[in-house]
Each structure stands twice: as C-alpha cells, then as structure tokens.
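Examination of the molecular architecture
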Amino acid sequence: MERRESTREMLAPPERRPWPLPEQPWVMRQSWRDLLFMHWPLPPEQVRPLVPAALPLDTWEGEAWVSVVPFRMRGVTGRGLPAFPWLSSFPELNVRTYVTLGGKPGVYFFSLDAGNILAVWAARLAYHLPYFHADMLVWREAEWITYCSHRVHRGARPGDLLARYRPTGPVQEAPPGSLDAWLSDRYALYTVDRRGHPLRAEIDHATWPLQPAEAEIFRDTMAAASGLALPGAPALLAFARRVDMHAWLPRRVDTTHSDAHI
C-alpha cells in the first residue's frame, strides 16, 4: 500500500527520474517560489578540496559547476501536518555543487541560509545540512524580484547577497541530456555525518518550468564564504516561478550500495 501511495504522489514525470521513488513514504513537502539559478563552471581541482572525500564530484564535460540559488519557501510542512504560518514560509539561499554516488546524481550544499531560525535548527538536526540563520528580505516589483540576505548566524563566516532578477522569456522544459537538465534534474541531496560517512536524502520534484533570466548582482559573497572564488558574472541564469517537492529522511550510503537509516 505504501508503495502504491508513493507512486500516486510522484511529482516528476517517470521519464525524468533516473531511478524509482523510495519504498518509504515521503516525510516533508514544500514549494520553491521565484527561484533564480546562477551557475558557474569551475575547474574540479578548485571544488574538490571543499567537498567531503566520500562524495565523488559530478562534472559536465570535465568541469565542476557551482550554483548560487535564491528563492522563497512556501508550504513547508511534515507529512499529514498543516502548514504553520510562522514556520512554513521564509526566504532561502543555497550555494551548491553536483556530486554522484551509487549511480544516483545529486546536490551537495556548501551552505543554506534561511530567514527562519526554527527552520534552520530543524534542518540541521534532521538532515545534517549546513544551514545558517540570515536576515532576509524579498519583494516583487512588476517582474523584478529583489533579494537581500545578510547572514547573522553566530560563529559563521559572513555571507551576503543583494541582487534583483527577473524572467525574460517563456517557460522552456530542459531537454533530457542538456546542461540545463543536468543541473536541475537532481533527485537526491548529499551530506556526511560526523564520521564522514555519506548520507543521501532522496527528493522528488516536478519538472522545472525554467525561463531565461537576467540579474543585477550588487553584492554576492555567498560562495566566497565557503572558500570558492567565482569568475565574474554567472555563465548561466535560469528562473523558475514555482516547483513543488517531496523529501525523504537521509539514509547512510555504504560501499555495497545498501542504505541504512541514520
């Protein structure tokens, strides 16, 4: 019964997912709104020392990619629970790269900043992810999204983003096998536990409604806060108005590809 329920709730078209949904029910849902992908290619040797050794880098034509991703969270809640207004909606800002393990490509986060301190600590405890508290303000004027973020997490390296962005064209589904699809069709999050063992949290999300975008970046120290030197303006920009997702709890990945709950 759980497997049939999970299949009925699939968000991604089956042809987009490279592996089936987990047998267990998802535990959290959320919606990503007014999202901007800012992508940079970097030499793998620049990125590799900053990613845990247990997680192999995933590269595109020999290059690693790093992305800075501002957006707004909406409807964040656990399975079977209502969306509480004081916890379910807040801005979030990610810095990420791309890894793969056991034939499952995914995302590794250098940092995740959020404007809700309760969400920060809940995500740190449940998902072992490097979440940081930030003062954040986001607003829309016509098609422009203005995004302001200033990290205030005690003991963390400072990180800021001040930018505005907007879509500049129609929605275009990324063709399978394209760079845009490689960057966005990711159905796993990776991190490591305190002993360096790899953890995988599976996710499912609807097909990205990507649009070409433009951005004016007034200040961006988010990647630098993680030790990354980005080469000027982003090589690629993409906007998405809304994507819904489901998430599962992280599970330890061992060398025989069998998973065990942490």
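Residues numbered from 1 in each chain as written. Predicted model: local features only at pLDDT ≥ 70, side-chain atom pairs only at ≥ 80, totals over all residues. Heavy atoms only, no water.

Turning to the overall build of the protein chain, a few remarks are in order. For the protein chain, the helix and strand inventory stands at five helices and 13 strands. Computed over its C-alpha atoms, the radius of gyration of the protein chain comes to 17 Å, within 12% of the 18 Å expected for a compact globule of 262 residues. Seen through its principal axes, the protein chain has C-alpha atoms that stretch 50 × 40 × 40 Å. Here the protein chain holds 262 residues, and the buried ones make up 50% of them. (Helix = DSSP H or I, 4+ residues; strand = E, 2+ residues; numbered from the N terminus. Rg over C-alpha atoms; globule rule 2.2 N^0.38 Å. Buried < 20%, exposed > 50% of the residue type's maximum accessible area, 1.4 Å probe, protein only.)

To continue, consider the pairing of strand β1 (residues 28–42). Judged by how many residues are buried, β1 sits mostly within the fold: eleven of 15 residues are covered. Note: β1 against strand β11 (residues 236–247), eleven bridges, orientation antiparallel. Note that in β11 the partner of H39 across the bridge is L236. Taken together, the ten bridges between β1 and strand β2 (residues 64–78) define a ladder with antiparallel strand orientation. The residue of β2 that forms the bridge with W32 is M73. (Pairing = 2+ DSSP bridges.)

Turning to its location among the elements, R96 is positioned in strand β3 (residues 90–101). One buried charged residue, R96, forms no salt bridge at all, with the nearest opposite charge on E92 at 9.0 Å. In terms of polar contacts, R96 uses its side chain to reach the side chain of Y98, at 3.0 Å. In this structure, R96 is in contact with F37, W65, V66, S67, V69, V107, Y108, F109, F110 and L183, ignoring residues within four places of it in sequence. (Lys, Arg positive; Asp, Glu negative; His and termini not counted. Salt bridge = Lys/Arg side-chain N within 4 Å of Asp/Glu carboxyl O. Polar contact = N/O pair within 3.5 Å; in protein donor to acceptor, adjacent residues only side chain to side chain. Contact = heavy atoms within 4.5 Å.)

Moving on, we come to the packing of aromatic side chains. This model, assessed by the stated rule, comprises seven aromatic pairs. Taken together, a centroid distance of 5.6 Å and an interplanar angle of 20 degrees make the contact between W32 and W208 stacked. Placement of W32 in strand β1 and of W208 in the loop between β9 (198–205) and β10 (210–220) is noted, with a sequence separation of 176 residues between them. Both residues of the pair, W32 and W208, belong to the buried class. With a centroid separation of 5.0 Å and an interplanar angle of 65 degrees, the aromatic rings of F37 and W208 are classed as edge-to-face. With F37 in strand β1 and W208 in the loop between β9 and β10, the pair connects residues that are 171 residues apart, well separated along the chain. Residue F37 is classed as buried on the basis of its relative accessible area of 2%. Taken together, the ring pairs in this structure connect W32, F37, F71 and W208 into an aromatic cluster. Positioned above the aromatic ring of F132, the side-chain terminus of R124 is 5.1 Å from the ring centre. (Phe/Tyr/Trp six-rings, centres within 6.5 Å; stacked < 30°, edge-to-face > 60°. Lys NZ or Arg CZ within 6 Å of the ring centre and 35° of its normal.)

For the protein chain, mean pLDDT is 92; residues scoring 70 or higher make up 93% of the total. Here residues 1–5 scores under 50 on pLDDT; set against residues more than four positions off or in separate chains, the count is seven contacts. Contacts of residues 258–262 to residues separated by more than four positions or lying in other chains number 16 contacts, the stretch itself having pLDDT below 50. (pLDDT = per-residue confidence, 0-100.)

A word on the environment of T77. Examined against the element boundaries, T77 turns out to sit in strand β2. Separated by 109 residues in sequence, T77 and R186 place their C-alpha atoms 21 Å apart.

Bringing the side chain of T221 into the picture now. Inspection of the secondary structure puts T221 in the loop between β10 and β11. One polar contact links the side chain of T221 to the main-chain amide nitrogen of D160, over a distance of 2.8 Å. Apart from residues lying up to four places away in sequence, T221 is in contact with P158, G159 and D160.

This next bit is on the pattern of salt bridges. Counted according to the given criterion, the structure contains 16 salt bridges. As a salt-bridge pair, R16 and D185 come within 2.7 Å of each other at their nearest N and O atoms. Remark: D185 occurs in the loop between α5 (179–184) and β8 (188–192) and R16 occurs in the loop between α1 (2–8) and β1; sequence separation between them is 169 residues. We note that R16, like D185, is buried. A salt bridge links E214 to R166; the shortest N-O distance between them is 2.4 Å. Residue E214 is found in strand β10, and its partner R166 is found in strand β7 (residues 160–167); the two are separated by 48 residues along the sequence.

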